[in-house]
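Tertiary structure, described
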Amino acid sequence: NDEAAKAPRSGTPVPAVACGSADFFESDPHAASSPAAPRISAVRRETTASGTSLESFMAMLAKVPASVSELTFTLNGATVVADDGASLLDVLRNDLGTLSVKDGCSPQGQCGCCTVWVDGQPRVACVTPAARVRGRSVTTLEGLASADRWAERFVRHGASQCGFCTPGIIMRLAAIPEAERTPAKVRNALLAHLCRCTGWQTIVEAATGEPGADGHP
């Protein structure tokens, strides 16, 4: 209906009564831990006595500064500053414009498309709070020294397929030392990734240097 269409979709339940009611937002078990919780509490204190309408409440909420602090970390060798009130995926894509990091299932952490390195180890960015990388080193495909070589291998073996999940897969496989990159180990690493295109054979061939369909490694 029209009223439902106008309702905010922030994940916070819309009250059926005035925003000043004592149990406003209390039905949401995640409200207290939300980054917006301090803002909600500050505005609610101002509106409790007056029974402010939903529209007025939302307008007042927008004027209250978010309780977010800055964090500094190293991204692909350069020091960067961002807000710490979001996931690492949001910071990399939306704040820092690092677009190789894909959003395939956020915030489920199931598809592997947003895989990056944190201090040299693969991490799924959509379930990593940005605050956890404070003072640490984050590497994406843009900063991977061997990115061109991986691109050549994937093209040669037809392993890129549609390409959406390729950056995350490369970041996962590049973390395996080349001397240890056996077909079995590559397949095991790929368990952390989902791909709708086809199977993993060409990716295994590209990662291990095995001969592909054309007979070339």
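Everything that follows concerns the structure shown earlier in this document.
Anyway, here's the lowdown on the structure attached to this text. This structure is a prediction, so every number in the text was calculated from the model and none was measured. (Residues numbered from 1 in each chain as written. Predicted model: local features only at pLDDT ≥ 70, side-chain atom pairs only at ≥ 80, totals over all residues. Heavy atoms only, no water.)

**Digging into the overall build of the protein chain**
What counts here: A run of DSSP states H or I qualifies as a helix once it reaches four residues; a run of E qualifies as a strand once it reaches two. Both are numbered from the N-terminal end. Contact criterion: two residues are considered in contact whenever any of their non-hydrogen atoms come within 4.5 Å of each other. Surface accessibility follows the Shrake-Rupley procedure with a 1.4 Å probe radius. Residue values consider only the protein chains on display as shielding.
Across its full length, the protein chain holds eight helices and five strands. For the protein chain, contacts bridging at least 24 residues in sequence account for 52% of all contacts bridging at least 6. Carbon and sulfur atoms provide 52% of the accessible area of the protein chain, an area that totals close to 11900 Å².

**With respect to the packing of aromatic side chains**
For the record, the criterion: In this scheme Phe, Tyr and Trp rings, the latter by its six-membered ring, pair at centre separations within 6.5 Å, and the angle between planes marks the pair as stacked below 30 degrees, edge-to-face above 60, and tilted otherwise. We count a charge as sitting over a ring when the NZ of a lysine or the CZ of an arginine lies within 6 Å of the ring centre and within 35 degrees of the ring normal.
Across all of its chains, the model carries one aromatic pair by this definition. A cation over a ring is seen here: Arg153 above Trp150, with NZ or CZ 5.7 Å from the ring centre.

**Side note on the sheet that holds strand β2 (residues 78-83)**
Strand-to-strand pairing in sheets goes through backbone hydrogen bonds, with the strands running parallel or antiparallel. Filter applied, for reference: Strands are labelled as partners when DSSP assigns at least two bridges between them. Inter-axis angles, ranging from 0 to 180 degrees, are taken between N-to-C directions of lines fitted to C-alpha atoms, where helices are fitted over the stretch in contact.
Pairing in this open sheet of five strands is mixed, and the strands run β2-β1-β5-β3-β4 from one edge to the other. Edge positions in the sheet fall to β2 and β4 (121-124), since each of these pairs with one other strand and no more. Each strand axis lies, on average, 40 degrees off the axis of its neighbour in the sheet, ignoring direction. Sitting on the sheet, helix α4 (residues 88-95) is in contact with β1 (70-75), β2, β3 (115-118) and β5 (137-139), with an inclination near 105 degrees to β2. Its contacts with the sheet place helix α6 (residues 166-174) against β3, β4 and β5, and it is angled at close to 40 degrees to β3.

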